[in-house]
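One-letter residues, chain by chain:
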Amino acid sequence: MIEMQLARIVIRETSDQQSVHLKEKDGERQFPIVIGLFEAVAIDRCVRDRKTKRPMTHDLMASLVPALGAKLVRVVISDLKENTFYAKLELTTASGATVEIDARPSDAIALAVHVDAPLFVEERVIEAVLASPPPEGV
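1. Considerations on the pattern of salt bridges
Next, step 1: One pass over the full model with this rule turns up twelve salt bridges.
Next, step 2: Residue R124 pairs with D79 through a salt bridge whose shortest N-O separation is 3.2 Å. With R124 in helix α4 (residues 123–131) and D79 in strand β4 (residues 71–81), this residue pair connects regions lying 45 residues apart in the sequence.
Next, step 3: Looking at R124, the relative accessible area reads 47%, which means it is partly exposed.

Below, the structure is given as structure tokens:
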């Protein structure tokens, strides 16, 4: 697995397709993931440290995990099938057990940004995405 960082967020008010661009933490490879507007805004809001009066969905998730005695250890973009990315949340529980939860990459990235958890991508996913043309509009 390769550790990545959020390189940029692209929000287009005239399109349904927004994107986040991930870049290798210690390298040059990078690629976009197309996400929805609400997720893009949530990630952008967190990066800019803009608070809302009431918790939004990702704020709620970020509060819920530790309230249940767990910790988000890392997010992994684990697969790419038919131009769809798959992700998982890796958590540890109070008893020390590891739990993996299936998640959309946009939600996983938003949560990782909220709690400052590391983001990883499987090497084969990076190789696959770099071997194919970027999604239209990115």
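2. As for the environment of E3
Next, step 1: Residue position: E3 is located in strand β1 (residues 2–10).
Next, step 2: C-alpha separation for the pair E3 and R50, spaced 47 residues apart in sequence, amounts to 26 Å.
Next, step 3: When near neighbours in sequence (up to four residues on either side) are disregarded, E3 contacts K23, E24, K25, P118, L119 and F120.

3. Concerning the nonpolar core
Next, step 1: With 30 residues, the main nonpolar core has L22, F31, I33, I77, L89, I109 and V121 as its most contacted residues.
Next, step 2: Here this core takes five residues from helix α3 (residues 105–115), the largest share from any one element.
Next, step 3: Ignoring any residue separated from it by four or fewer positions in sequence, one finds I33 in contact with Q18, S19, V20, L22, I77, F85, P105 and I109.

4. Considering the environment of S63
Next, step 1: Structurally, S63 can be placed in helix α2 (residues 57–67).
Next, step 2: Residue classification places S63 among the partly exposed positions, given a relative accessible area of 48%.
Next, step 3: Taking C-alpha positions, S63 is 26 Å from V34, a pair spaced 29 residues apart along the chain.

5. Some thoughts on the sheet that holds β1
Within a beta sheet, neighbouring strands are joined by backbone hydrogen bonds and run either parallel or antiparallel to one another.
Next, step 1: The strand order across the open sheet formed by seven strands is β3-β2-β1-β7-β4-β5-β6, and the pairing between neighbours is mixed. For this open sheet the edge positions go to β3 (30–35) and β6 (98–103), each flanked by a neighbour on one side alone. Across this sheet, the average inter-strand angle for adjacent strands is 35°, counted without regard to direction.
Next, step 2: With respect to the sheet, helix α1 (residues 37–47) is in contact with β1, β2 (18–24) and β3, its orientation differing from that of β1 by roughly 105°.

6. Re the packing of aromatic side chains
Next, step 1: A complete count under the given rule lists one aromatic pair for this structure.
Next, step 2: Measuring from ring centre to ring centre gives 5.7 Å for F31 and F85, while their planes differ by 15°; the resulting arrangement is stacked. Here F85 lies in strand β5 (residues 84–92) and F31 lies in strand β3, a separation of 54 residues in the sequence.
Next, step 3: Using a relative accessible area of 2% as the deciding quantity, one classes F31 as buried.
Next, step 4: The residue whose ring lies beneath R74 is F120, and the NZ or CZ to ring-centre distance is 5.2 Å.

7. Quick notes on the packing of α2 against α3
Next, step 1: Interaxial distance between α2 and α3 falls to 9 Å at its minimum, and their mutual angle equals 60°. Classified by the interaxial angle, the pair formed by α2 and α3 is oblique. Taken as a pair, α2 and α3 cross one another with a handedness that is right-handed. For the pair formed by α2 and α3, the contact residues are H58, D59, M61 and A62 on the first element and D107, A110, L111, H114 and V115 on the second.
Next, step 2: Partitioning the contact of α2 with α3 into residue classes produces five nonpolar, two polar and two charged.

So, how was this worked out
- Residues numbered from 1 in each chain as written.
- Predicted model: local features only at pLDDT ≥ 70, side-chain atom pairs only at ≥ 80, totals over all residues.
- Heavy atoms only, no water.
- Salt bridge = Lys/Arg side-chain N within 4 Å of Asp/Glu carboxyl O.
- Helix = DSSP H or I, 4+ residues; strand = E, 2+ residues; numbered from the N terminus.
- Buried < 20%, exposed > 50% of the residue type's maximum accessible area, 1.4 Å probe, protein only.
- Contact = heavy atoms within 4.5 Å.
- Core = buried A, V, L, I, M, F, W, Y, C linked by side-chain atoms within 4.5 Å.
- Pairing = 2+ DSSP bridges.
- Axes fitted to C-alpha atoms, helices over the stretch in contact; angles between N-to-C directions.
- Phe/Tyr/Trp six-rings, centres within 6.5 Å; stacked < 30°, edge-to-face > 60°.
- Lys NZ or Arg CZ within 6 Å of the ring centre and 35° of its normal.
- Parallel < 35°, antiparallel > 145°, perpendicular 65-115°, else oblique.
- Left-handed = near helix turned anticlockwise from the far one by under 90°.
- Nonpolar A, V, L, I, M, F, W, Y, C, P; charged D, E, K, R; others polar.

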